[in-house]
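Listed below are the residues making up each chain.
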There are 2 protein chains.
Amino acid sequence: MEEPCSACVNPHPFASITASEIKSAVEITLPLAAIRHNLNQDQIAFKSISLKEPPKSDMVRYLELEHAGKPPASRPKLPRRVEVLYYIKNTTNIYEEIVCLDDKSEFAHSAVPSIHQGLMDPLENRGGIQVIRQSKVWADALKELGFNEDDEILYDAWPHGADKDTPKISPRYLRAIGYVKGPKGSHAENNRYAFPLPISPVVDILTWEMIGIDPLPTAGIEPKKWVGSACDKEEAEEKEAEEEISSRWWENTVLKNCRPSNFFDDLQPQRRKDVKPIVVTQPEGVSFTVKDASLVEWQKWSFRVSFNFREGMVVHDVRYDNRSLFYRLSLSEMTVPYGDPRPPYHTKQAFDVGDAGAGALANTLRLGCDCLGSIYYFHGLCNGPSGQPIELPNVICLHEEDNGISWKHTNDATHASVSARSRVLILQTMMTVGNYDYIMAWKFDEAANISYDVKATGILSTHLIDSGKVSPWGNVVAPGIVAQNHQHLFCLRIDTAIDGYNNTVQTEECHPLDDTLNIHGNAWEVRKDIVEQAGFRDANPLQNRVFKIINENSINPHSKNPVGYKFMPPPSQMLLAHPSSVNAKRAKFAQHHVWVTQHQEGDLWAGGKWTTNSSEEIDGISKYVAGSDSVRNDDVIVWITFGMTHSPRVEEFPIMPTESLSVMLKPADFFTQNPALDMPQNHTGVGSVHIEQPPCH
Amino acid sequence: MEEPCSACVNPHPFASITASEIKSAVEITLPLAAIRHNLNQDQIAFKSISLKEPPKSDMVRYLELEHAGKPPASRPKLPRRVEVLYYIKNTTNIYEEIVCLDDKSEFAHSAVPSIHQGLMDPLENRGGIQVIRQSKVWADALKELGFNEDDEILYDAWPHGADKDTPKISPRYLRAIGYVKGPKGSHAENNRYAFPLPISPVVDILTWEMIGIDPLPTAGIEPKKWVGSACDKEEAEEKEAEEEISSRWWENTVLKNCRPSNFFDDLQPQRRKDVKPIVVTQPEGVSFTVKDASLVEWQKWSFRVSFNFREGMVVHDVRYDNRSLFYRLSLSEMTVPYGDPRPPYHTKQAFDVGDAGAGALANTLRLGCDCLGSIYYFHGLCNGPSGQPIELPNVICLHEEDNGISWKHTNDATHASVSARSRVLILQTMMTVGNYDYIMAWKFDEAANISYDVKATGILSTHLIDSGKVSPWGNVVAPGIVAQNHQHLFCLRIDTAIDGYNNTVQTEECHPLDDTLNIHGNAWEVRKDIVEQAGFRDANPLQNRVFKIINENSINPHSKNPVGYKFMPPPSQMLLAHPSSVNAKRAKFAQHHVWVTQHQEGDLWAGGKWTTNSSEEIDGISKYVAGSDSVRNDDVIVWITFGMTHSPRVEEFPIMPTESLSVMLKPADFFTQNPALDMPQNHTGVGSVHIEQPPCH
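The rules behind the values
- Residue positions within a chain follow its written sequence, with the count starting from 1.
- Going through the entries in the order they are written, you letter the chains from A and number the ligands from 1.
- Predicted model: local features are reported for residues with pLDDT of at least 70 only, side-chain atom pairs are reported and counted for 80 or more only, and whole-chain, interface and lining totals are derived from all residues.
- No hydrogens and no water enter the side-chain calculation; it runs on all heavy atoms of the structure.
- We count a stretch as a helix when DSSP gives it H or I for four or more residues in a row; a strand needs E for two or more, and each element gets its number in order from the N terminus.
- Two N or O atoms form a polar contact when they lie within 3.5 Å of each other; inside protein one atom must be a possible hydrogen donor and the other a possible acceptor, and for residues adjacent in sequence the pair counts only when both atoms belong to side chains.
- Each Phe, Tyr or Trp ring (for Trp, its six-membered ring) is paired with any other whose centre lies within 6.5 Å, and the angle between the two planes then decides the class: stacked below 30 degrees, edge-to-face above 60, tilted in between.
- Should the NZ of a Lys or the CZ of an Arg lie within 6 Å of a ring centre and within 35 degrees of the ring normal, that charge is described as sitting over the ring.
- In this comparison the copies share one frame, found by least squares on the C-alpha atoms of residues holding pLDDT of at least 70 in both.
- We call two residues in contact when some of their heavy atoms are within 4.5 Å.
- We define a nonpolar core as any set of buried Ala, Val, Leu, Ile, Met, Phe, Trp, Tyr and Cys residues linked to one another through side-chain atoms lying within 4.5 Å.
- Buried, partly exposed and exposed residues are distinguished by accessible area as a fraction of the type maximum, computed with a 1.4 Å probe on protein chains only: under 20%, between the cut-offs, and over 50%, respectively.
- By definition here, a salt bridge exists when the distance from a side-chain nitrogen of Lys or Arg to a carboxyl oxygen of Asp or Glu is within 4 Å.
- Surface patches are defined over residues having more than 30% relative accessible area and no salt bridge, joining like charges when they lie within 9 Å and nonpolar side chains (Val, Leu, Ile, Met, Phe, Trp, Tyr) when within 5 Å.
- Here the Shrake-Rupley method, with its probe set to 1.4 Å, supplies the accessible areas, and only the displayed protein chains count as covering residues.
- Given the number of residues in a helix, its expected span is that number minus one, multiplied by 1.5 Å.
- As used here, buried area is the combined drop in accessible area, with a 1.4 Å probe, of two parts when they are placed together.
- Gly is put with the polar residues, along with every residue not named as nonpolar or charged; the nonpolar set is Ala, Val, Leu, Ile, Met, Phe, Trp, Tyr, Cys and Pro, and the charged set is Asp, Glu, Lys and Arg.
- The pairing criterion for strands is at least two bridges between them, as found by DSSP.

Looking at an unreviewed UniProt entry, chain A carries the name Amine oxidase, with the source organism given as Penicillium flavigenum.

Laid out in structure tokens, this is it:
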């Protein structure tokens, strides 16, 4: 245990950073940095300012006292520290400054190795786009394509990425992909992704110079011949609809084959009128409580919620009936690589957590739109490049939902039918990353199951394709535009604490049994395998491979098995990029489903702490597993990589119906019976007739 | 087209059978059968009485006229036929009688080959149990185990099944698995599955004789040694709880190590008090309509619902915006084999559709228990052994649910956030099969997705195990009882009609691309493969194998792909029984995930029409695919086998939290844009501000 600050203010160590804490951290950092680098303070800018959680060893002791009922004053006063990532403007020189707020001191300082770059911040993104807008070369290029100053162009700013020809220290370039919203004064919500430009400017965001303009390939191949031909009727209808469009601004441009494709309401002719409202109310209020804006208690669950710049929503100290389950649950990274081999498309690969920050991108949620019912909202904070705190209202919502039937049985002897409704508590956050939008939720139920659900929605990243052609690298989802095949691969980090802090991972598979025991051939064996050393294991659903996080020190009195939680990793296709490619080297975490590592302070980032323009995942999972750490009956982290290979459907344009993925964690011999047994139940039949809330009619 | 009856009464051909139709079919059949077999009518009994749907070729023509707006009188008058399966009591002589109700005539008659047996009906099940209850040998055996006449024993009646030593024509035996409810007068809802008998009587249900009493093995193995030992605290608590139990009737019986484990409310000491109600209302009513008690119209969806003895809920003629998608959707079969090799456990293998009838086992659903909100209920009918119609009220429920976010995007240029809520229509049925309960639902959403969801709940099938021992073939879920490992494998039958009645199945996989096109290594290829000939294909999620049901005659105008619906079969482990075992031969359908066959009238039964005590799946999928039928651009049936290998958890006793499985069908280039685009939407931001129902607050 480190020596606590004498002046500790003593908020709960998991409480999110506050605006005054951000200000205070900046006030400590700025003068120190100016002196250290011999600069004026205005030459310093900030990437992210985040709470530096206390070491787990300290926190475990703190939590033991907390859950033993000790008041805050009787728990250790842990230093309140903040990690400030700052850089010198117009350079890639980044520094990690850890400050202690309690005594306003520097706790640690280090320069980030020059091979790494920080995320692209608003100064850089906006500045880069500004360079493009002011470029004569770019204006001339647009003119050649048929556009004039009246045409409003909007840009998706992408980190330039890296490929095999990128120098070891990547240039700090921004790639813009431009889309035409329409002529000035056209509807603000015109869907620009229906009008993609076939050229892409690249800007050096250190020198603020245009580096060049890359053509974006638009060639395609002839469609395959089928028995039928494209429906004439629809084409005729489309033609008719087109004739109603008064301003055909695209007609004399390179986008002449594109057509408007909108989702905003007054840009659509037809609307359903037959969707009658569903009203969800909780007349007696919600069943959960939130204390200190962070501690959630519901049914037998308790956990703390925090929010930070990079990860967004984080869940801490998850317990059921005061037995610990998980120390920390977070989205560690995600990567979205695209599968078009033609430069410069090959560098399209986003790392949305590392490159942008899931917290910084979080949506403000709204009742009736994002959630129905009685909602509690958590607020969040991030920071701007000058270090100013930015309030993010309603970034996490918490509510209950009815979840169908929890359990049911009809007794054939008495015809009594007994059932309980399932109730689920949902902790949800959403983020927008350029074209895409993601919904992330933790769901807790009364049977002690936990799931992490990710939904993808928003707009496909589109490019121009020649008229009448199709692409082997994507699908033509609207006239003149192709949406490339891509993958979304998420990595969920699970800091385990199943009935204590020493855990073990065990896989179980079912295999046909082929020996003298099995003379009738019906039986199978359950093969159990303990993960002794840090490493990875893949999903294998066809052999029913189940992963159990067990505690070998705590044995179920019935089954004599260690208590545990089990999961089956979603059997997603892993990263398709060739292992030797830069795309794959940047995201080694995305090459296997389940990783098991020994807990080490700061090992939080599956793809490494520094993903922007990286050529390789240097300090990510591949490093965390590189040693020969024992992970048996130890402090264990489980990482689950899952996602989807997304071959776009026409139905996903102009806006994509949510696509869902889910990781379910279930108790496996953790309890001595179904933990939902005591839920309110309903029954009919010849047993003692008894009707509870809610009544059966 | 066959000649219609002159006297056709002309209900919709998909309308479920009525009580008067069942009566009428019996009235036609009974005298014919008595004369044919030279018997009294009371020597005849009935298995199932079901509507014989018109041939698909006739129905297609009928539906074309219906959807072209022709009134019933202008459509063909199709004969209303009923399939009556009757048998001669105390024999396995079964007959298929097809009668035409319109002119009360026999349409066809055939004797079922003697290798087949019908399902076990209530006459047989109840009669068999009666034989056991009256058996002196059995009473003596119970006495030896420590029971007396005061102990109430209840029996699960299982078909005897078959193994490698069973004669070609299986004996018609019933195996009973007995459980002790408690002494006479004990609570009617005591969970008998906590007290399983270690012996099992077998009865010949043709001669009504006791065949024998099999010991049910109770041996186990020593548990593995772990670091920790079973928690003393819990054991002490249990001991204390036990001491409160006044009547310890089991103490002097073979069940002395078992303990009560109940779920019924007044048998449990502790109940949650903190679950506050969630109320779901639709103040303006529901958004769907039901016509003729069978035609459902909702949003742009339409389909018909029917109910029959064997399949329970069936969905017909599914359309979206009047474009056809599916001709018929049904649960064709399910099998539940157990993995304990020790006789007689090796014969535990249920076929719940074929052996019992999903319709006959359907639950009566209740508002607030099985469904919340504004519910429409469909009634069902089955028949008893004397041919009497049996009313099954509320066997299918239909309701809408809010389903989270349908789509959402935040425009980074304007900060306008636009979203639509998703709405889902749920058609749900439930059945109880002895210890287990299943919930089956079709879900339709506004983005034109359809899913088939199966949930398993109820009670594990349990057996006695020696004190302190564990089993390699299952898990000890409560004191003295083991729940064996088993599988639940369902087969969903999809009679396709994607934009017409000639369809093709295509698989698509993503593979790393390794050629000169891929110099940066980021790209992959989508390999497409058309299923030309009837056969099977397995799930392959790790290569993102997607199955598309396409219509090669109808091409999407944007993508130039045939219109289609796609699915990924749940990557369930298939049947574990050795292919040479009787268990596997009985369920060949359960050995592969996806089967594609050419439509043939009557090919409805994945595991064969006759599953009871079968030694082999003779006339099921394995026969349907045996020829070299073309299935390209043809009348195609797709069968999806999915399920779970169930290694019981302690948390699944005494009643099991629902375990869910889902098959999702999504449009894939069927439409020209997102079909949910016209849903009511909400938005904020700098676009034209406009708030629709439901409002955002």
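**Q** Tell me about the environment of Asn148(A), and please be specific about residues and values.
**A** Residues and elements named next belong to chain A. Positionally, Asn-148 belongs in the loop between α4 (136-144) and β5 (151-159). Residues Asn-148 and Thr-253, 105 residues apart in the sequence, show an inter-C-alpha distance of 9.7 Å. At a separation of 2.8 Å, a polar atom in the side chain of Asn-148 contacts the main-chain amide nitrogen of Asp-150.

**Q** I'd like a rundown of the packing of aromatic side chains, residues and numbers included.
**A** In this structure the tally under the stated criterion is 52 aromatic pairs over all chains. Here the aromatic rings of Trp442(B) and Tyr452(B) are separated by 4.6 Å at their centres, their planes lie at 45 degrees, and the arrangement is tilted. Taken together, the residues span a long stretch of sequence, with Trp442(B) in strand β19 (residues 436-445) and Tyr452(B) in strand β20 (residues 450-458) at a distance of 10 residues. Grouped by ring-pair contacts, the aromatic residues Trp301(A), Phe303(A), Tyr320(A), Phe326(A), Phe444(A), Tyr565(A), Phe670(A) and Phe671(A) constitute a single cluster. Taking NZ or CZ as reference, Arg323(A) lies 3.8 Å from the ring centre of Phe670(A), over its face.

**Q** Requested: an account of the relation of the copies chain B and chain A, with residues and values cited.
**A** With an RMSD of 0.0 Å, the fit of chain B onto chain A corresponds to turning through 180 degrees and sliding 0.0 Å along the axis. Such a combination of rotation and displacement between the chain copies is what one expects of a two-fold axis. Closest approach to the rotation axis among the C-alpha atoms of chain B is made by Val280(B), whose C-alpha sits 2.3 Å away. Interface overlap between copies: 100% of the residues of chain B at the interface are likewise at the interface in chain A, consistent with a symmetric, same-surface contact.

**Q** Talk me through the nonpolar core; I want residue IDs and the actual numbers.
**A** Among the nonpolar cores identified, the biggest contains 138 residues, and Phe326(A) and Trp442(A) are the most heavily contacted of them. Ranked by residues supplied to this core, first place goes to strand β31 (residues 636-646) of chain A with seven residues. Discounting residues that sit within four places of it in the chain, Phe326(A) has contacts with His316(A), Asp317(A), Val318(A), Ile450(A), Ile494(A), Asp495(A), Thr496(A), Ala497(A), Ile498(A), Ile549(A), Tyr565(A) and Leu665(A). The next biggest cluster of nonpolar side chains, apart from the first, holds 136 residues, and it includes Leu492(B), Trp595(B), Trp639(B) and Leu661(B).

**Q** A description of the pattern of salt bridges should follow, citing residues and the corresponding values.
**A** Evaluated as defined, the whole model comprises 84 salt bridges over all chains. Here Lys443(A) ties to Asp453(A) by a salt bridge, and the two come within 3.2 Å at their closest N and O atoms. With a gap of 10 residues between them, Lys443(A) in strand β19 (residues 436-445) and Asp453(A) in strand β20 (residues 450-458) connect regions that are remote in the sequence. Across the pair Asp495(B) and Lys56(B) runs a salt bridge whose closest N-O atoms are separated by 2.4 Å. Within this pair, whereas Asp495(B) is found in strand β24 (residues 486-496), its partner Lys56(B) is found in helix α2 (residues 56-67), the two being separated by 439 residues in sequence. Each member of the pair Asp495(B) and Lys56(B) is classed as buried. A single salt-bridge network, built from bridges that share partners, covers Lys47(A), Asp121(A), Glu124(A) and Arg172(A).

**Q** Describe in detail the side chain of Thr658(B), supporting the description with residues and values.
**A** The topology assignment puts Thr658(B) in strand β32 (residues 656-668). There is a polar contact of 3.1 Å between the side chain of Thr658(B) and the backbone oxygen of Ile405(A).

**Q** Tell me about a nonpolar patch on the surface, and please be specific about residues and values.
**A** A cluster of nonpolar side chains, namely Ile115(A), Ile169(A) and Ile618(A), defines an oily patch on the protein surface of about 230 Å² accessible area. Residue placement: Ile115(A) occurs in the loop between β4 (105-111) and α3 (122-133).

**Q** How would you sum up helix α1 (residues 19-37) of chain A? Please name residues and give values.
**A** All names here are of chain A. Here α1 is 19 residues long and its end C-alpha atoms lie 26 Å apart, about the 27 Å a rise of 1.5 Å per residue gives. For α1, the set of buried residues is Ala-19, Glu-21, Ile-22, Ser-24, Ala-25, Val-26, Ile-28, Thr-29, Leu-30, Ala-33, Ala-34 and His-37. Where α1 is buried, its residues contact β1 (44-52), β2 (81-88), β3 (94-100), β4, β16 (376-383) and β17 (389-410). Asn-38 lies just past α1 and shows a positive phi near 55 degrees.

**Q** So, the interface of chain B and chain A: which residues are in play, and what are the values?
**A** Interfaces are often sized by the accessible area lost when the parts come together. The interface is formed by 189 residues belonging to chain B together with 189 residues belonging to chain A. When the buried surface of chain B facing chain A is broken down by residue, Arg272(B), His520(B) and Trp524(B) rank first, second and third, together holding 6% of it. Linking chain B with chain A are eight salt bridges. Its salt-bridge partner being Asp412(A), residue Arg192(B) comes within 3.0 Å of it at the nearest N-O pair. Taken together, the links from chain B to chain A amount to 100 residue pairs in polar contact (both at pLDDT 80 or more). Ranked by residues supplied to the side of chain B that touches chain A, first place goes to strand β17 (residues 389-410) of chain B with 10 residues. Partitioning the side of chain B that touches chain A into residue classes produces 79 nonpolar, 67 polar and 43 charged. Bridge count for strand β9 (residues 279-281) of chain A against strand β9 (residues 279-281) of chain B is three bridges, and the pairing is antiparallel. Paired with Val280(A) across the bridge in β9(B) is Val280(B).

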